[in-house]
Amino acid sequence: ALRVLQHVCTQDLDVAVGRAVYTLVLNRRGGIDLDGTVTRLAADRFLVVTPTVSHTITMSLLRNAARGTAAAVFDATSGLATIAVMGPASRALLQRVSPDDLSNEAFPWGTAQQIEVGRTSLLCIRISFVGELGYELYPATEGAVDVYDTVMAAGADLGVRRAGYHALDSLRVEKGYRH
């Protein structure tokens, strides 16, 4: 898996377990085919997250790159939800609903950990594409509604709001992240 990802991605992904790396995948002309985050979950296991609009190309690129190797590509899309909690109050909000330590020292930027939110254990990646503190929560699909409701209820007095893809994309541009 590492060899396949090293071949298709622009960043070095030979990182410690629990590290999340923002990376690009280039085409033969050097243009960007897609961007995303690759998180090392184990020595031989990675989670690749790209924008929904890039799902088909992501799967195609990874499957083609893995052809003839011992690596396997598994589409976990239907089994995981994604809930982004981003903004200057995101840590305070999540700390209200999680017993886990979300401080900078315990949970540095660009890392991933299993945490609890409400009644659900989930993968949390401390990363943000909006230029502010942020976290991406990946609960199993069946726990997504509970996590969402828990976060929204706990953040009412912090000004929590829903934001769609285009708003997030505009903030990404403002931050200077390429796509």
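Counting restarts for each chain, with residues numbered from 1 along the sequence as it is written. Residues qualify for local features only when their pLDDT is at least 70, as the model is predicted, and side-chain atom pairs are given and counted only at 80 or more; totals for whole chains, interfaces and linings, by contrast, use all residues. Computation of side-chain values: all heavy atoms of the structure, hydrogens and water removed.

Novice: I would appreciate a short explanation of the packing of aromatic side chains in the present structure.
Specialist: Aromatic ring pairs are defined here through the distance separating the ring centres and the angle between the ring planes. Here is the rule: rings of Phe, Tyr and Trp (six-membered ring for Trp) pair when centre to centre is within 6.5 Å. Planes less than 30 degrees apart are stacked, more than 60 are edge-to-face, and the remainder are tilted. Taken as a whole, this structure holds two aromatic pairs when the rule is applied. Each ring, one from Y22 and one from F129, has its centre 5.2 Å from the other, and the planes form 55°; the classification is tilted. Here the residue Y22 occupies a position in strand β1 (residues 20–26), and F129 occupies one in the loop between β6 (120–125) and β7 (134–138), the gap between them amounting to 107 residues. Seen from their ring centres, F107 and Y135 are 6.0 Å apart, and the 70° between their planes marks the pair as edge-to-face. Residue F107 is located in the loop between α3 (90–97) and β5 (112–117), and its partner Y135 is located in strand β7; the two are separated by 28 residues in the primary sequence. Judged by relative accessible area, Y135 falls into the buried class, the value being 0%. Strands are runs of DSSP state E lasting at least two residues, helices are runs of H or I lasting at least four, and both sets are numbered from the N terminus onward. Accessibility here uses a 1.4 Å probe with only protein chains present; expressed as a share of the type maximum, an area under 20% marks a residue as buried, one over 50% as exposed, and anything in between as partly exposed.

Novice: I'm lost on the sheet that holds β1 in this one. Help?
Specialist: The pairing of strands in a sheet happens through backbone hydrogen bonds and is either parallel or antiparallel. Strands pair, by our definition, only if DSSP identifies at least two bridges between them. In spatial order, the strands read β1-β2-β3; together these three strands make up an open sheet with antiparallel pairing. Edge positions in the open sheet fall to β1 and β3 (45–49), since each of these has one partner strand only. Between one strand axis and the next, the sheet turns through 35° on average, direction left out of account. Pairing between strand β2 (residues 32–42) and β3: five bridges, direction antiparallel. Residue pairing for β3: T37 is matched across the bridge by V49. Sheet strands touched by helix α2 (residues 55–66): β1, β2 and β3. Its angle to β2, the strand with the most contacts, is close to 65°. Lines fitted to C-alpha atoms define the axes, with helix axes restricted to the stretch in contact, and inter-axis angles between N-to-C directions lie between 0 and 180 degrees. Every residue pair with non-hydrogen atoms within 4.5 Å of one another is taken to be in contact.

Novice: Explanation requested: the side chain of D35 in the structure shown.
Specialist: Within the secondary structure, D35 sits in strand β2. Reaching out from D35, the side chain makes a polar contact with the side chain of Y22 at a distance of 2.6 Å. Any pair of nitrogen or oxygen atoms within 3.5 Å is treated as a polar contact; in protein, a donor-acceptor pairing is required on top of that, and neighbouring residues in sequence qualify only through side-chain atoms on both sides.

Novice: Would you take a moment to explain the pattern of salt bridges for this structure?
Specialist: Proximity of charged atoms lets side chains of opposite charge pair with each other. In the sections that follow, a salt bridge refers to a side-chain nitrogen of Lys or Arg positioned within 4 Å of a carboxyl oxygen of Asp or Glu. For the structure shown, the criterion picks out three salt bridges. A salt bridge links D157 to R96; its shortest N-O distance comes to 2.5 Å. In this pair, D157 is assigned in the loop between α4 (144–154) and α5 (165–175) and R96 in helix α3, connecting sequence segments 61 residues apart. On the basis of relative accessibility, which here comes to 44%, the residue R96 falls in the partly exposed class.

Novice: When you look at α3 in this model, what are you seeing that I'm missing?
Specialist: Because each turn of an α-helix spans 3.6 residues, side chains separated by three or four positions in sequence point in the same direction. If you check which residues of α3 are buried, you get S90, L93, L94 and V97. Projected down its long axis, α3 carries its buried residues within an arc of 90°, all on one side. Lining the buried residues of α3 we find β4 (83–86), β5, β7 and α4. By definition, the arc is the one covered by directions from the helix axis to the C-beta atoms.

Read these as geometric descriptors, not functional statements.
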